[in-house]
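Here's the letter readout for the chains.
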Amino acid sequence: KMFISSNHTINKFVLLGLAESPDVQLLLFGVFLLIYVFTLLGNIGMMTLVRTNPHLHNTPMYFFLHHLSFTDACYSTVIMPNMLVSFISRNKDISFTGCVAQLYSFVFFGIVECYLLAIVAYDRYVAVCSPLRYVVLLPRTVCVWLVSTSYLLGFLYAAIYTGCTFGGPFCNSNVINHFFCDIGPLLKLSCSDRFLREKVIFAFVSLNGISTSGIILISYLYILSAVLRMRSVQSRSKAFNTCASHLMVISLFYGTGFFMYLQPSTTHNGLDKVAAVFYTLVTPLLNPIIYSLRNREVKEALMRHMK
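What you see is a predicted model; the values in this text were computed from it and never measured.

Asker: Account for helix H6 (residues 140–165), with residues named and values stated.
Answerer: Helix length check: H6, at 26 residues, gives a terminal C-alpha distance of 37 Å against a target of 38 Å (1.5 Å per residue), a fit within 8%. Inspection of H6 places Cys143, Leu146, Val147, Ser150, Tyr151, Gly154, Tyr157, Ala158, Tyr161, Thr162, Cys164 and Thr165 among the buried residues, and these make up the whole buried set. The inward-facing, buried residues of H6 abut helix H3 (60–89), helix H4 (96–129), helix H7 (183–188) and helix H8 (195–228).

Asker: Describe the UniProt feature "transmembrane region" (unreviewed entry) in the protein, naming the residues involved and giving the relevant values.
Answerer: In the numbering adopted here, UniProt assigns the feature "transmembrane region" (unreviewed entry) to residues 26–50, 62–83, 103–122, 134–160, 200–223, 244–262 and 274–293. End-to-end, the C-alpha atoms of residues 103–122 are 29 Å apart, and along that stretch the chain is 100% helix and 0% strand. Helix makes up 100% of residues 200–223 and strand makes up 0%, while its end C-alpha atoms are separated by 34 Å.

Asker: Please set out the pairing of strand E3 (residues 12–15) residue by residue, giving values where relevant.
Answerer: Taking every second residue as pointing to the same face, the buried face of E3 carries Phe13 and Leu15, while none of Lys12 and Val14 on the other face is buried. Relative to strand E4 (residues 93–95), E3 runs antiparallel, the two sharing 3 bridges. Across the sheet, residue Lys12 finds its bridge partner in E4, namely Ser95. Bridging between E3 and strand E5 (residues 175–176) involves 2 bridges; their strand directions are parallel. Its bridge partner being in E5, Val14 is matched across the sheet by Val175.

Asker: Provide a residue-level description of the packing of aromatic side chains, including the pertinent values.
Answerer: All chains considered together, the criterion is met by 20 aromatic pairs. With a centroid separation of 5.5 Å and 80 degrees between ring planes, the pair formed by Phe13 and Phe170 is classed as edge-to-face. One end of the pair, Phe13, is in strand E3; the other, Phe170, is in the loop between H6 and E5, with 157 residues separating them in the sequence. On the accessibility criterion, Phe13 (0% relative accessible area) is buried. With a relative accessible area of 0%, Phe170 lands in the buried category. Between the aromatic rings of Tyr157 and Tyr161, the centroid separation amounts to 6.5 Å while the plane-to-plane angle is 20 degrees, which identifies the pairing as stacked. Pair noted here: Tyr157 and Tyr161 are both in helix H6, with a separation of 4 residues, about one helical turn. Per residue, the accessibility class of Tyr157 equals that of Tyr161, and both read buried. Aromatic rings pair up to connect Tyr75, Phe106, Phe179, Phe180, Phe253, Tyr254 and Tyr279 into one cluster.

Parameters at a glance
- Residues numbered from 1 in each chain as written.
- Predicted model: local features only at pLDDT ≥ 70, side-chain atom pairs only at ≥ 80, totals over all residues.
- Heavy atoms only, no water.
- Helix = DSSP H or I, 4+ residues; strand = E, 2+ residues; numbered from the N terminus.
- Expected span 1.5 Å × (residues − 1).
- Buried < 20%, exposed > 50% of the residue type's maximum accessible area, 1.4 Å probe, protein only.
- Contact = heavy atoms within 4.5 Å.
- UniProt positions renumbered as here; feature names shortened; annotations may be inferred.
- Pairing = 2+ DSSP bridges.
- Phe/Tyr/Trp six-rings, centres within 6.5 Å; stacked < 30°, edge-to-face > 60°.

Next up, the structure:
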């Protein structure tokens, strides 16, 4: 479906991207290509390791990390290939249908990511605070139900966000001041009154963000409390470092995400692109490193697999 503006039909958009200078674009192409390659290697490697190792495959934590890696790989792939092509081809156009599909896919995997991060935090809480009941509290059926619910919520919320964003005609300009089709920059192009649509998006972003970040925060507060009660200084230090690493990545993801989506579209500025780079491209790169490669079991499984 095309939306009619005052004098023409918009059948494509133009993404301004991150830079206009050809030299800068070539440099950015090299940087983001490396980020994308390492993101895919880290996340696909983690998925492969979990699938091929029976012990990891049957452990709730790695079942969740497998889906988190899948989500990260898809989340990055929704944006990165199109951006890389625009750097070297100088073609910044994206079709109307392609823009809708990109926004829907981006929101879908972003919502799933939020809920999976909350599930992983809860998993760590159970493992640290109730280790003897770990298998009882997280049997396979519960794990599958939690992950399935995450995908279902992602599907529903992505439909709501995409419907609100494209729920009205666009003005004469089809130029998006961003490097992908995102909610804020698209709403800026809307001709009709977008107040109600912005309020609906704000409400659901708040609901998702506060509920998932609340679960994460409470889980880690209990974890830190348990860590501080440990008698072994070495165990306490190791557990504290792991928690700090997890919280650093989560804070980066949620902090930049809240900055983008909990403000009106009229107040968005140049910092939006910087914030978007962190929560769309950097977080999927760091997640497999922080959650997986710092883990002793994963390192041992990787060494066995390489041998």
